[in-house]
Structure formats: C-alpha cells, structure tokens
Amino acid sequence: MNERHAVRTFLLNLLQRTGDRDGFVDSDSLVMSGRLDSVDTLDLVMFLEEKYGVDFAQRGFDMNDLDSLDSIMAVIGGAIQASI
Amino acid sequence: MLATAKNSIRVVPQLDRCPRLAALVQTPAGKIAAALAFAVLLLLNGETRYLELGAFILAMSFFPRYRRLLLSGATLYWLILHPNWIRQGLIRKVAAVEGYADGWGLVLAAAMALCAVLCALGWLLRFVAMRRDHVIARRPVLVMVAAFLCLLVAAGILPLHGAARVALWILVAVTGPYLWFFAYALGDYASPSHDPYRLQVGTFFPFWMGSSVSPTPMGKGAAYLRKVEARTPKDLAVVQLKAIKLLLWILVLNLMLMVFRAVVYGAVSPAAADFCRVHGFHVFSLHVPTLGAALEQTAAGHSPRLAMAWAGVVAHFLDGVLSVPIAGNMVVACVRMAGFHILRNTYKPLYATTVAEFWNRFYYYFKELLVEFFFFPTYIRYFKHNRRLRLAVATLAAATLGNLVYHFCRDSDYVFYLGLWRAVAGFQVYAFYALVLGLAISISQWRGKHAPESLPFYRRVISSAGVIGFYCLLEIFDYEGRNHSLRTHLAFFGSLCPVAR
C-alpha cells in the first residue's frame, strides 16, 4: 500500500512539473495519453531502478508497462518476486 | 476575465465539446454527415484520395466491432491500388540499366518480393513470441535493421548483374519503407498480449497514410492502437469530431502557408495565378530566396546579400512550422476519424521553452520512433551508474545515430545512383546536423524542465526566442541531399555573420 502511495506521489510530481494538476485513477493512461512525455518516462525508469531494483535490461522494456499506476505496480511486483 | 475572453476566441470551434453534436454523430445520419464532412475537408486540404478514405471511414463508423479487421482490409486495398511509398522509380531504373523492360513482369517481381518479406516477418514475429530468451528475440529490431543495412551494402558493393541485381534492389525498394512499421510489430510480439498477424498487417503502411510516403508510422503500431481505440459510440463520436476540428485547423494552416509562400517567395499556384490575372490582382512578393537557392548560390561562390540570407533562413524555418503540421496532422486526422484517439504529430512547437521540448512538439512520431528503438534500449543497458553520461549516450544514440540510420535507410536510392561510398560520404551535412541536435538535446535534458507557469512571462519569451533561434540556424544543416558538402553549408552559415563576410 505504501509503495502504491509512493509511486502515486512520484507520478503526481512528474505531472505537476508540466503544469498538469489534474488527478488520476490507478488505471488511467499517463504515457500513451501524452500526459507524461519521454523525459518524464526516463525519470520514472530511474525511480523504479533505484527505489525498487527493477532491471529493465533483464526484464525487457515496454512503454505499456509504465502507462498507468496499475501497470507500474505490476512491474514493481515482478521485481520484488524476482528478488525473493 | 482575461482567461475567459482568451478561451472564447478560437479560430476553430470546439466541436468535440458540444454534447448535441456528439449525440448527432452517433446516429446513422450523423455518421454519414461526419464521413462526408471528412471527405470534403480532405479534398479542400489537397488529399486526392478523399473518396476512398471517406468510404473506409464510413465502413469503420458503422461497424466499429470490426474496426481492426477493416483496417487490415483497407490497408491491403491501398497496397494493391496505391502503393506509392514503394520506390517504383528506383525499381524501373535498375531494371532499365540491366536491360529489362518496364511492365507487368516488374510489378509481379515486386509483389513476389513483398510476399516473401511479409512471410519472413511472420516467421520472425512467431520466433520472437515463442523463443523469448533467444538473442534474436531479445533484440529483434536491431537484428532486422542490421539485416536491412547488410542488404543495402550488398546491393551497393557486390558486382552483380542482370536478374540478380534487379532482384536485390527490388528487395531493398519494397522492404525499406516498411522497416519501422515492422519494428513496432516486433515490439508488440515481445509482449504476451500481442495482436495476431492478420491485425498487424493493417498497421503496415495503413490506408490512413493517404498520399503520404513518409516511412514514419503515425499512430505507431498495434500496441498503441489498442490503447487509444474508441471503446464506446460516444468515444468514437468525440474522436471523430476532434478529427474534423483538426482538419479545419489544417485548412487554416494551408491558407496561411499559401499566402506566406506567395508573399515571401513569390510562389503562386497556377490556379491562384489565373485567378489573380482574371481579377486584376497583383500579388506583392518579397522574393526571398529559398534556403536551397541560397545554398546553391553559395556553392557557386556567390553568397546572397546579408539581409536576403537571413530572410531565407527565417523563411525556411517558418515554412517548416506551417508545412510539417499540415502533412503530419492530416494523417493524424485520418487515424482519429477511424476511431483511434492518437496524439497530434505537431503541437504548438513555438510554445517550447527548451530544445528538447521543441523536438518533442514538432515531429512527435519521429521522435517516438527514435525514443522507442534507440533511446530506451541504450538507456536501460549502459552507464547505469552515471546519470549524466547515461542520458547523453542514450540521447546521442537516438537523436544522432538513430536519426542517421533512419534517413540512410529511407534514402536508399542514393546507394544505387551514387554508389555506397559516395552515398555515405555525401551524408556529411546531415551527420553534422544530427550530431549538433543530439548534443543540444542532451544539454537541454541535463538542464531539466519547468512548469510553464513557474517561469515569469519575460523568461518564457526569452527561452522560446532562444529555442526558435537555435532551430532556425540548425535548419541550415538539415539537408538530406548529397549535392552540397559540409563546407558549403558552413560557408553559408558563416556568411550570416556581417564580420565574416
């Protein structure tokens, strides 16, 4: 639950950086809808690598995986499973 | 108050925000009216295949459940009847050099080559889906692009003659335009929830490219289309109204471009010239030289006058700011009309306050292609412990290397006409452009970005002016031809400085 909150806060900060103050629900598209651009995506990649140890080189990179809070949580879940 | 007034003044009305209109477009009569309006606007915007495009859109509006299958059908129809993206001129030229007559034989050979390519792709897609841990399945796009470049090099240097040479060049001519469409399909097959091949076919130079021959997939591939597809009749109506609104905006841009070219370059279409002559109008023109003409003069040793050289540079930039949105967003409007809510190709580029932001806003789908197939594959693998170096290397991999690979593959004709080495050496001007662009975007990304409202107005204006100035000057080197050397472009660039003249 805390992880979901932390990722949500990070995504809200990314959105606010471009003046987007609208909220979002967990399944909302953020990358494909254009609310987050590629520069934001690479900040998100770095956040997931550093905070949750996600290795995109190992698991493969698919922009769809970072599109919504739900899909990001699935990526984090996979990384946690792999590290156990 | 000011914000309200600003919002109420719009060149194109907000059709998509009118609930009554959205309800109307969901009825059978409304669907027909929307398709009709779409076709008329295409015609007004200069698209010659407006009737066929309108007919396919109408079918998709009435049978949204079969939208993706209809897309595949329409795309096959377009391939059979209007394959203008395949380098037919190159095929004819190679055949003529090797002593083969132009005719049905060549058409049949090209069709067979394309069938072979589509079969090979089908095998590769299956391989990617079945053998995920294999080295080819892990880097399928790299393997495909490398294979195409090998094919191109072989066509350029192998001492082949006769049917073998024609066959090799036919393979290059039919594969080259599809390269990045195939790349998106390979990306989709890497995920377990990919579309079947019969639906992927609809994304290979889809019918909505119309008369465009650009090999940049606008609307990317099947994975993106699945995400942005209209799910309800209301979604479809709103996205179609957005498409019509975009076409109205393109019409405004077309009129502005026509006036701009007439006034700045003195370029008037034959129809407009006849109209002016009949009605006794005189078109005032500044007769600014085009950037191409100014470079020709420089190459011949006669640099244009300082004011005219600057005017040519600024005019070239403004021409691009008007013409690129017209070409790209025409395709976007067709995609939206088919029921896919994709982003615009160009969106308010002059609002950009950083070099990276301008690039993102100016040619979105080309940038996305480079980001997806060059930037992220580099970013996730190399220099992970040095943030700045990691960002710079990935940006150079995309904006410089990817940019060069894309254009070299696209303009494969030069290898036939000039030979491999001259085609590579003649690429020096564009290589310089891509290098400067990559470095500038890297620096821009290091500096980060700010929320627009966090900058005071004067800072915004200064930042935007700086970005526009940078791209204005960089455009001098955005030359994809092979006639001028880098020295000529640098000489012209130097001639813009009064002291250096």
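(A) Structural context of the overall build of chain A. Along chain A, the regular secondary structure elements total four helices and zero strands. Mapped in sequence order, the helices and strands of chain A form the string α-α-α-α. Here the contacts in chain A between residues at least 6 apart in sequence split such that 54% fall between residues at least 24 apart. Surface accessibility of chain A: about 3900 Å² in total, with carbon and sulfur atoms responsible for 50%. The centroid of the 7 positive side-chain charges in chain A is displaced by 6 Å from the centroid of its 15 negative side-chain charges.

(B) Layout of the nonpolar core. Among the nonpolar cores identified, the biggest contains 174 residues, and A:Leu11, A:Leu48, B:Trp180, B:Phe207 and B:Trp208 are the most heavily contacted of them. For this core, the leading source of residues is helix α17 (residues 306-337) of chain B, giving 15 residues. Once residues lying within four places of it in the same chain are set aside, the contact partners of B:Trp208 are B:Leu53, B:Leu71, B:Met218, B:Leu225, B:Val331, B:Cys334, B:Val335, B:Ala338 and B:Phe340.

(C) Representation of a nonpolar patch on the surface. Residue and element names in this part refer to chain B. Residues Ile32, Phe62, Phe63, Tyr66 and Leu69 make up a contiguous nonpolar surface patch of roughly 490 Å² in combined accessible area. Locating Tyr66 in the fold gives a position in the loop between α4 (50-62) and α5 (67-81). Residue Tyr66 is classed as partly exposed on the basis of its relative accessible area, which comes to 43%.

(D) Region of the structure containing the interface of chain B and chain A. Tallying the contact residues gives 27 residues for chain B and 27 residues for chain A. Across the chain B to chain A interface the summed buried area is about 2200 Å²; carbon plus sulfur atoms make up 57%. The interface formed by chain B and chain A includes four salt bridges. On the surface where chain B and chain A come into contact, there are five residue pairs in polar contact (both at pLDDT 80 or more). Broken down by secondary-structure element, the contributors of at least two residues to the side of chain B that touches chain A are α13 (222-228), α19 (364-379) and α20 (387-410) of chain B. When residues of the side of chain B that touches chain A are assigned to their parent elements, the largest contribution, seven residues, is made by α19(B). Per-class residue counts for the side of chain B that touches chain A are 12 nonpolar, four polar and 11 charged.

(E) The arrangement of the packing of α17(B) against helix α24 (residues 457-474) of chain B in detail. All names here are of chain B. Where α17 meets α24, the closest approach of the two axes is 9 Å, and the angle between their N-to-C directions is 105°. Judged by the angle between their axes, α17 and α24 are roughly perpendicular. In contact with Trp310, Val313, Val314 and Phe317 of α17, α24 contributes Ile468, Tyr471, Cys472 and Leu473. The class makeup of the residues in the contact of α17 with α24 is eight nonpolar, no polar and no charged.

(F) A look at helix α18 (residues 355-362) of chain B. Residue and element names in this part refer to chain B. The buried fraction of α18 is high, at six of eight residues. The set of residues buried in α18 consists of Val355, Ala356, Phe358, Trp359, Asn360 and Phe362. Along its buried surface, α18 packs onto α17, α19, α20, α23 (428-447) and α24.

(G) Layout of the packing of aromatic side chains. Summed over the entire model, instances satisfying the criterion amount to 43 aromatic pairs over all chains. Of the aromatic side chains, those joined through ring pairs into one cluster are B:Trp180, B:Tyr184, B:Trp359, B:Tyr363, B:Phe366, B:Phe373, B:Phe374 and B:Tyr406. When the ring centre of A:Phe24 is taken as origin, the NZ or CZ atom of A:Arg8, which lies over that ring, is 4.5 Å away. Here the guanidinium or amino end of B:Lys220 rests over the ring plane of B:Tyr224, the centre of that ring lying 4.7 Å away.

(H) Main features of the confidence of the model for chain A. Looking at chain A as a whole, the pLDDT averages 87, with 99% of positions reaching at least 70. Element-level pLDDT for chain A is lowest in helix α3 (residues 56-59) of chain A, with a mean of 84, against a maximum mean of 90 in helix α1 (residues 2-17) of chain A.

(I) View of the confidence of the model for chain B. All names here are of chain B. Per-residue confidence for chain B averages 92 on the pLDDT scale, and 97% of its residues sit at or above 70. Note on residues 1-7: pLDDT is under 50 here. Beyond four places in sequence and across chains, it has zero contacts. What the predictor reports for the complex is a pTM of 0.91 with an ipTM of 0.85.

(J) Main features of the side chain of B:His489. Residue and element names in this part refer to chain B. The residue His489 is located in helix α25 (residues 486-495) in this model. Note on His489: relative accessible area 0%, which makes it buried. In this structure the side chain of His489 is engaged in a polar contact, spanning 2.8 Å, whose partner is the backbone oxygen of Ile476. Once you skip the residues sitting within four places of it in the chain, His489 turns out to touch Leu295, Val429, Ile476, Phe477, Tyr479 and His484.

Cut-offs used in this document
- Residues numbered from 1 in each chain as written.
- Chains lettered and ligands numbered in written order.
- Predicted model: local features only at pLDDT ≥ 70, side-chain atom pairs only at ≥ 80, totals over all residues.
- Heavy atoms only, no water.
- Helix = DSSP H or I, 4+ residues; strand = E, 2+ residues; numbered from the N terminus.
- Contact = heavy atoms within 4.5 Å.
- Areas by Shrake-Rupley, 256 points an atom, 1.4 Å probe, with all protein chains shown as cover.
- Lys, Arg positive; Asp, Glu negative; His and termini not counted.
- Charge placed at Lys NZ, Arg CZ, Asp CG, Glu CD.
- Core = buried A, V, L, I, M, F, W, Y, C linked by side-chain atoms within 4.5 Å.
- Buried < 20%, exposed > 50% of the residue type's maximum accessible area, 1.4 Å probe, protein only.
- Patch = residues over 30% accessible without salt bridge, like charges linked within 9 Å, V, L, I, M, F, W, Y side chains within 5 Å.
- Salt bridge = Lys/Arg side-chain N within 4 Å of Asp/Glu carboxyl O.
- Buried area = accessible area lost by both parts, 1.4 Å probe.
- Polar contact = N/O pair within 3.5 Å; in protein donor to acceptor, adjacent residues only side chain to side chain.
- Nonpolar A, V, L, I, M, F, W, Y, C, P; charged D, E, K, R; others polar.
- Axes fitted to C-alpha atoms, helices over the stretch in contact; angles between N-to-C directions.
- Parallel < 35°, antiparallel > 145°, perpendicular 65-115°, else oblique.
- Phe/Tyr/Trp six-rings, centres within 6.5 Å; stacked < 30°, edge-to-face > 60°.
- Lys NZ or Arg CZ within 6 Å of the ring centre and 35° of its normal.
- pLDDT = per-residue confidence, 0-100.

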